[in-house]
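Single-letter residue listing:
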Amino acid sequence: MQIKLQAMQTTFEDLNLSNQLRNAIEDLGFVKPTPIQAESFSVVRSGKDVVGIAQTGTGKTFAYMMPILRDLKYSTQQHPKILVLVPTRELVLQVVEEIEKLAKYITLRVVGVYGGTNINTQKRAIAQGTDVIVATPGRLYDLALSKALNLKNIQKLVIDEVDVMLDLGFRFQLLNIFDILPERRQNIMFSATMTDDVDALITDFFKTPEKVSIAVSGTPLDNISQQSFDVPNFFTKVNLLNHMLKDKETYKKVLVFVGFKRTADLLFNSIDESFAEEICLIHSNKTQNYRIRSIRQFDEGKNRILVATDVMARGLDFNGVSHVINFDTPKFPENYMHRIGRTGRAEQEGQSILFSTPNEQEHKAGLEELMNYKIPKIDLPAEIEISEQLTEDERPREDRERSKNRTGLEYVPGPAFHEKSEKNSKTNQGGSYRREIAKKYKKPKTRGDKNYNKRNKKK
């Protein structure tokens, strides 16, 4: 059975919430549930397997936690009853925080575990007892194998952002986790997109799940206005971004998306120095503490600008983002939808701006086809300088082949290239070259074998 819903006027009063949950929601200032929250409530409570498909930013965490907490009985047992799996460390922290807000008036023990930090500290936290554990797959499996975490009492398994989890290569780890969970459990899965991999996972492990689908993956949210700029190259994009960011009244809280870690670093270093105190950066090569600090400083408004890669910002909930700037055009149209969902949250107005080079026009056409919407194009402001500087990827192919060992992205053309002289044009002969040298100089095969060396000297 599949339920499709576009709008619903349900209030929290219409849901069969406990007094504790209702008081917590009132403290948070929420008046009515989002469509995915309203439609999922009774389905999750039914105990059936559930597959929820909804745009990022529509309140999926509360959609599964409200009904779970509504029926969760108080317990002093050591081992957890609820397991929530998420793809990144940042999401672990965010989901734990959201659960704690919702359980403000409930006696509930929540523990978050993830890699990249001391596992012994997490073992001690688990040993004190927990009702809900939120985890990344790798660290959860390590804790289970070491017997620090017992999963025999898990009643409900939630897999959040499952499409990202599969994109990151966690399928094998998920299968291992399924093997050590009780067979009798409720499976709850939430995703922003329905891919072939997600569908295969549902077919293999879910028992006649009920699907709750809120809008299509390519439907833009109504309260987000979109614009696009055609820009010739990377450094002209930098000039345009710098020009925009100078308007602090308009661009109050800006999330800048890029596709790759090295692009994020180059952009971060290229943004005008006048924004140095206002900008932070997040991608997977940064340390855990650096990433957490960047997220908190941006969310709390201490930094006005955050540069982020797709995977690291997926599912993160930031308050009051005024603009999402797509510094590059994502190859996969669904990623564009995840990006722009960071603004216009909780029915606020949001702005999305897309930068596209000539090489990215095909990707732009793909996302417009997915949305069935032509993004309005704006002319570049006259004061924007068109840069002639190119990145490594933007250079002509023949230039790239000449300098394969370049490590930087920036390319500055010059006349210094010349062919190697004959004496410097030798190539690395690898193992065969070393064997020839050994023959020539009669190197012993075993340096430490004195008898072998003596025999060879006699010959």
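Residues numbered from 1 in each chain as written. Predicted model: local features only at pLDDT ≥ 70, side-chain atom pairs only at ≥ 80, totals over all residues. Heavy atoms only, no water.

**With respect to the packing of aromatic side chains**
Item 1. This structure, assessed with the given rule, holds eight aromatic pairs.
Item 2. Arranged with centres 4.5 Å apart and planes meeting at 50°, the rings of Phe 178 and Phe 205 form a pair that is tilted. Separated by 27 residues along the polypeptide, Phe 178 in helix H8 (residues 171–180) and Phe 205 in helix H9 (residues 196–205) bring together distant segments of the chain.
Item 3. Taken together, the ring pairs connect Phe 229, Phe 234, Phe 235, Phe 327 and Phe 355 into an aromatic cluster.
Item 4. The ring of Phe 298 has Lys 253 lying over it, and the distance from NZ or CZ to the ring centre is 5.3 Å.
Item 5. For the cation-ring pair, Lys 286 lies above Tyr 290, with the distance from its terminal atom to the ring centre recorded as 5.1 Å. (Phe/Tyr/Trp six-rings, centres within 6.5 Å; stacked < 30°, edge-to-face > 60°. Helix = DSSP H or I, 4+ residues; strand = E, 2+ residues; numbered from the N terminus. Lys NZ or Arg CZ within 6 Å of the ring centre and 35° of its normal.)

**A closer look at the sheet that holds strand S13 (residues 323–326)**
Item 1. Reading across from one edge, S9-S14-S13-S10-S12-S11 is the order of the six strands in this open sheet, with parallel pairing throughout. Taken across any chain shown, the strands that pair with only one partner, and hence form the sheet edges, are strand S9 (224–230) and strand S11 (279–282). Between one strand axis and the next, the sheet turns through 20° on average, direction left out of account.
Item 2. Here five bridges tie strand S10 (residues 254–258) to strand S12 (residues 305–309), and the two strands are oriented parallel to one another. Across the sheet, the residue bridging to Leu 255 is Leu 306, located in S12. (Pairing = 2+ DSSP bridges. Axes fitted to C-alpha atoms, helices over the stretch in contact; angles between N-to-C directions.)

**Re the side chain of Asn 187**
Item 1. By the element assignment, Asn 187 lies in strand S7 (residues 186–191).
Item 2. According to the relative accessible area criterion, Asn 187 is buried, its value standing at 4%.
Item 3. In terms of polar contacts, Asn 187 uses its side chain to reach the side chain of Arg 185, at 2.8 Å.
Item 4. Within the structure, Asn 187 has its side chain in polar contact with the backbone oxygen of Phe 205 (distance 3.4 Å).
Item 5. Residues contacting Asn 187, with those up to four places away along its chain left out, are Lys 48, Asp 49, Val 50, Leu 157, Phe 205 and Phe 206. (Buried < 20%, exposed > 50% of the residue type's maximum accessible area, 1.4 Å probe, protein only. Polar contact = N/O pair within 3.5 Å; in protein donor to acceptor, adjacent residues only side chain to side chain. Contact = heavy atoms within 4.5 Å.)

**Description of the pattern of salt bridges**
Item 1. Enumeration according to the criterion identifies 20 salt bridges in this entry.
Item 2. Among the salt bridges present, the one from Glu 300 reaches Lys 302, with a minimum N-O distance of 3.4 Å. As far as the burial class goes, Glu 300 and Lys 302 line up, both exposed.
Item 3. Linked through salt bridges whose partners overlap, the residues forming this network are Asp 230, Lys 364 and Lys 377. (Salt bridge = Lys/Arg side-chain N within 4 Å of Asp/Glu carboxyl O.)

**Some thoughts on a negative patch on the surface**
Item 1. Taken together, the side chains of Asp 167, Asp 196, Asp 197 and Asp 199 present a region of like negative charge at the surface.
Item 2. If one sorts the elements of the negative patch by residue count, H9 sits on top with three residues.
Item 3. In this structure, Asp 167 sits in helix H7 (residues 162–167). (Patch = residues over 30% accessible without salt bridge, like charges linked within 9 Å, V, L, I, M, F, W, Y side chains within 5 Å. Areas by Shrake-Rupley, 256 points an atom, 1.4 Å probe, with all protein chains shown as cover. Lys, Arg positive; Asp, Glu negative; His and termini not counted. Charge placed at Lys NZ, Arg CZ, Asp CG, Glu CD.)

**Brief notes about the nonpolar core**
Item 1. Of all hydrophobic cores here, the largest spans 51 residues; its most connected members are Met 66, Val 84, Val 134 and Leu 255.
Item 2. The biggest single contributor to this core is helix H3 (residues 60–71), with seven residues.
Item 3. If sequence neighbours within four positions are ignored, Leu 255 has contacts with Phe 298, Leu 306, Ala 308, Phe 318, Val 321, His 323, Val 324, Ile 325 and Arg 342.
Item 4. Counting residues in hydrophobic clusters, the runner-up holds 30 residues, among them Leu 140, Ile 154, Leu 166 and Leu 174. (Core = buried A, V, L, I, M, F, W, Y, C linked by side-chain atoms within 4.5 Å.)

**A look at the pairing of S12**
Item 1. Among the five residues that make up S12, five are buried, leaving the element largely enclosed by the rest of the structure.
Item 2. Along S12, one buried face is formed by Ile 305, Val 307 and Thr 309 and the opposite face, lined by Leu 306 and Ala 308, is buried too.
Item 3. Note that S11 and S12 share four bridges and pair parallel. Looking at the pairing, Ile 279 lines up with Ile 305 of S12.
Item 4. Read from S11 through helix H12 (residues 288–299) to S12, the crossover connection turns out right-handed. (Right-handed = clockwise from strand over helix to strand, strands pointing away.)

**Some words on the environment of Val 158**
Item 1. For Val 158, the location among the structural elements is in strand S6 (residues 156–160).
Item 2. Separated by 29 residues in the primary sequence, Val 158 and Asn 187 place their C-alpha atoms 6.2 Å from one another.
Item 3. Residues in contact with Val 158, not counting those within four places in the same chain, are Tyr 64, Ile 68, Leu 83, Val 84, Leu 85 and Ile 188.

**Things to note about the environment of Asn 319**
Item 1. Checked against the element boundaries, Asn 319 lands in the loop between helix H13 (310–313) and S13.
Item 2. On a C-alpha basis, the gap between Asn 319 and Phe 298 in space is 9.2 Å, while along the polypeptide they are 21 residues apart.
Item 3. Not counting residues within four places of it along the chain, the set of residues in contact with Asn 319 comprises Lys 253 and Asp 299.

**Here we look at the side chain of Asn 303**
Item 1. Within the secondary structure layout, Asn 303 lies in the loop between H12 and S12.
Item 2. Only 2.6 Å separates the side chain of Asn 303 from the side chain of Gln 297, close enough to count as a polar contact.
Item 3. With sequence-adjacent residues up to four places away left out, Asn 303 is seen in contact with Glu 277, Glu 278, Ile 279, Cys 280, Gln 297 and Phe 298.

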